Amino acid sequence: MRQHRCLLTLLICLLPIASLGGWERGGEEDADTCANNHNHDKGERQWSLAQWVDAMPQAHAKHLHVSSQRTVHENGVFTSQRVDTDDDIVRIPINACLTASSVASKVDGPVRFVLEGRAGKHAANALMESVDAALAMHLLHAANLKKTSNIGEDGNVAKWLGMTPTSIRTVMSLTPKELKALQGSNVLAFREQVSATWREVYESVVVPLTNAAPSTFPPKRFERARFLWAMRAVWSRAIDVDVRDASRDQPSTLRALCPLVDMINHDASRPVDAFVKNGVLHLRNRGAPITAGTEVLVSYGNRSSTATALVYGFIEHDNVHDAVDVLLEASEGAAGTPLARRRESLLRRAGVLSSASDGEDANQGNLETPRFLANSLDPHLVLTARLRVATEEELDDAEQIARTSKRGARALLGPPVWRAGQSNDARARITLLDAADALLRRYPGTVNDDDAAMSAALASESPGKVLAIALRMSEKRVLLASLDHVRAEFSEEGAEDACDARFGDDLARMRCRKLSKAGATWAGPEAPRFDVKFRKDEDGKAARPGEGVRVRVVS
């Protein structure tokens, strides 16, 4: 699906984008249709993506059309008829989509031939190890040839792929200067890991291709910048679907880049069900009916702002799924002691990831990362804090529950989460408050400073900086809210004694005691939220520099 989903008053919207064709022609055209793009509000002329899709066998899309009838420079999918709850929004033959299977049959064949014959099997295997990389190569290959033999008429597929925006602005595309605004955020480490993986795939797959067959894979068309663009396009536009009738030797989920579906924008309140059955992809409405004449919006899932900024390039206000990951040491005090090993063992058995968990456990994905949440306390985090400071006697109690419960150590997660008593609560309270405050202090400036920085970024129409500052503000709000959640969940009784026992110097004790008080934080009060719109002139063209942004502060 598409990046830059703008929910009008709900999302921070970025600047205009151009089509893939526009990139190759100097960026003169919009990313709407391949013909008569600029009059799209008056109807799709010469070529219609929805009509092409609807003509496919078993498809259902005649009621849909792509339009830019929005307050921002972005396209969306609109419906001319009502779509009731449990009705299909769209149906498309799965072979009309770019999938691992289509890549293997149409693109991977010649690519693998070149790689195995001239560059070695290692490079060929590396391509199909990553579905995203395979889809990205398919996208680049089609862009280069201006056609593809995937399905149907080559020209129609090329037109659809030509609508892919060239400026896919996410955290993955931010410049070093823009990334400075994210100092302290966990997203920087994750971004670096992803970037390293993408660089490795480029060097092991794309470079050997351009060296071995420059006429088929011209180096300029497959340069690193274009490959990274293609990876961002796949990340932000592909959809993961369930395969309802998969055999035992087939995957139960499928990652696909599908025409029309990839242009549907996001609304967290619009749940859908995406699945493949009998070779047809169904996108089914599971929310309220969609009114005729309105834009089709669907939920991309329960994602934090960190995830939406990284993958899609937007921040959603009042995101109930906002979270900030935190890895606490599994045990307070010296690591490797019998007490520390007991604590770590209980956490792993309860399915909780800590900084002491080994990499193998983390890579298997069988451990949950504790997180500070926007609207509540994460039970994995609460259990981590309580076990981290638990005494031998308190651990005995936890072990007894783990031995006698059918759920084993996972029973400690509740509900309700295991509680060892007031003394343990006081120590856990200080642990959580200190962890949230430590994360806050990693960011530059206060939330009020971010208010001024955001105003400056909006005034200069710097979308990358707007995205970075918005993400920083979002994460800070989560941590500020978490301080209140901890204070509400854990009694203040015994907090001063816990501070005195934990910290050796007077200054640290004073800071701990202050932090424990309700409403006390270095970061100041929560800043106002921004309602951002990039508007057009009356003729539909981009507003002149300095006139394209309106900001309304929401209480």
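Presented here is a report on the structure given in the accompanying data block.

Criteria and cut-off values
Residues numbered from 1 in each chain as written. Predicted model: local features only at pLDDT ≥ 70, side-chain atom pairs only at ≥ 80, totals over all residues. Heavy atoms only, no water. Helix = DSSP H or I, 4+ residues; strand = E, 2+ residues; numbered from the N terminus. Buried < 20%, exposed > 50% of the residue type's maximum accessible area, 1.4 Å probe, protein only. Contact = heavy atoms within 4.5 Å. Areas by Shrake-Rupley, 256 points an atom, 1.4 Å probe, with all protein chains shown as cover. Core = buried A, V, L, I, M, F, W, Y, C linked by side-chain atoms within 4.5 Å. Axes fitted to C-alpha atoms, helices over the stretch in contact; angles between N-to-C directions. Parallel < 35°, antiparallel > 145°, perpendicular 65-115°, else oblique. Left-handed = near helix turned anticlockwise from the far one by under 90°. Lys, Arg positive; Asp, Glu negative; His and termini not counted. Salt bridge = Lys/Arg side-chain N within 4 Å of Asp/Glu carboxyl O. Pairing = 2+ DSSP bridges. Nonpolar A, V, L, I, M, F, W, Y, C, P; charged D, E, K, R; others polar. Disulfide = S-S within 2.5 Å.

**A few points about the overall build of the protein chain**
A tally of regular secondary structure across the protein chain gives 19 helices and 13 strands. Taking all 555 residues of the protein chain together, 54% fall into the buried category. Across the protein chain, the fraction of contacts at a sequence separation of at least 24, relative to all contacts at a separation of at least 6, is 72%. Working note: accessible area of the protein chain is about 24100 Å², and carbon and sulfur atoms make up 49% of it.

**Structural notes on the nonpolar core**
Ranked by size, the top nonpolar core spans 90 residues in total, and within it L49, I92, V171, F227 and L260 carry the most contacts. Sort the elements by how many residues they give to this core and helix α8 (residues 187-212) lands first, with 8 residues. Formed by 26 residues, the second largest nonpolar core is a distinct cluster that contains F372, V382, A435 and Y443.

**As for unusual backbone geometry**
Trans peptide bonds make up the majority, and among non-glycine residues the majority have a negative phi. For the bond from G414 to P415, the omega torsion is 10°, close enough to zero to count as cis. Within the element layout of this structure, P415 appears in the loop between α14 (392-404) and α15 (422-440). The backbone phi angle of D86 is positive, close to 70°, even though this residue is not glycine. Within the element layout of this structure, D86 appears in the loop between β2 (76-79) and β3 (88-93). You can call D86 partly exposed: its relative accessible area is 44%. Backbone geometry at L260 places phi at a positive 75°, although glycine is not the residue there.

**Re the environment of F503**
The topology assignment puts F503 in the loop between α18 (495-502) and α19 (506-516). A relative accessible area of 15% places F503 in the buried class. Ignoring anything within four residues of it in the chain, the contact list for F503 reads I430, D434, A508, R509 and C512.

**Section: the packing of α15 against α18**
Following both chains from N to C, one finds α15 and α18 inclined at 70°, their axes separated by 8 Å at the closest point. Regarding the angle of α15 to α18, the classification is roughly perpendicular. Handedness of the crossing formed by α15 with α18: right-handed. On α18, the residues touching A426, R427, R429, I430, T431 and D434 of α15 are A495, A498, C499 and R502.

**What about the side chain of R232?**
Among the structural elements, R232 can be located in helix α9 (residues 224-237). Within the buried core, R232 has no salt-bridge partner, and the shortest N-O distance to an opposite charge, that of E178, equals 10 Å. The residues touching R232, leaving out its near neighbours within four places in the chain, are I168, T170, M172, S173 and W198.

**Brief notes about the pairing of strand β8 (residues 280-285)**
Among the 6 residues in β8, 5 count as buried, and that is most of the element. Of the strand pairs in this sheet, strand β7 (residues 272-277) and β8 are connected by 6 bridges, and their pairing is antiparallel. Along β8, the bridge assignment pairs A274 with L283. Counted along the chain from β7 to the antiparallel partner β8, the turn is 2 residues long, and its residue N278 has a positive phi close to 55°.

**Some details on the sheet that holds β3**
The 5 strands are arranged β3-β8-β7-β4-β5 in an open sheet whose pairing can be described as mixed. Each having just a single partner strand, β3 and β5 (253-256) make up the two edges of the open sheet. For this sheet, the mean angle separating the axes of adjacent strands, direction not counted, is 30°. Alignment of strand β4 (residues 239-243) against β7, held across 2 bridges, turns out to be parallel.

**A few points about the environment of R513**
Within the secondary structure, R513 is located in helix α19. The spacing of R513 and D497 is 16 residues in sequence and 9.3 Å in space, taken between C-alpha atoms. Filtering out sequence-adjacent residues up to four positions away, R513 remains in contact with E496, C499 and D500.

**Quick notes on the packing of helix α13 (residues 379-388) against α15**
When two helices pack together, their arrangement is given by the angle between their axes and by how far apart the axes lie. Running from N to C, α13 and α15 cross one another at 120°; their axes reach a closest spacing of 8 Å. Crossing geometry of α13 relative to α15 is assigned as right-handed. Residue-level inspection shows L381, A385, R386 and R388 of α13 in contact with α15, the latter providing N424, D425, A428, T431 and L432. The residue makeup of the contact of α13 with α15, split by class, is 4 nonpolar, 2 polar and 3 charged.

**Some points on the state of the cysteines**
As enumerated under the stated definition, the model contains 2 disulfides in all. The side chain of C97 participates in a disulfide bridge whose partner is C258; the two sulfur atoms lie 2.2 Å from each other. Torsion about the S-S bond of the C97 and C258 cystine: about 110°, corresponding to right-handed handedness. On the criterion of sequence distance, the pair formed by C97 in the loop between β3 and α3 (100-119) and C258 in the loop between β5 and β6 (265-266) is long-range, its members being 161 residues apart. Note on accessibility: C97 and C258 belong to one class, buried. Linked covalently through their sulfurs, C499 and C512 form a disulfide whose S-S length is 2.0 Å. Sign of the S-S torsion, about -70° for the bond between C499 and C512, identifies this disulfide as left-handed.

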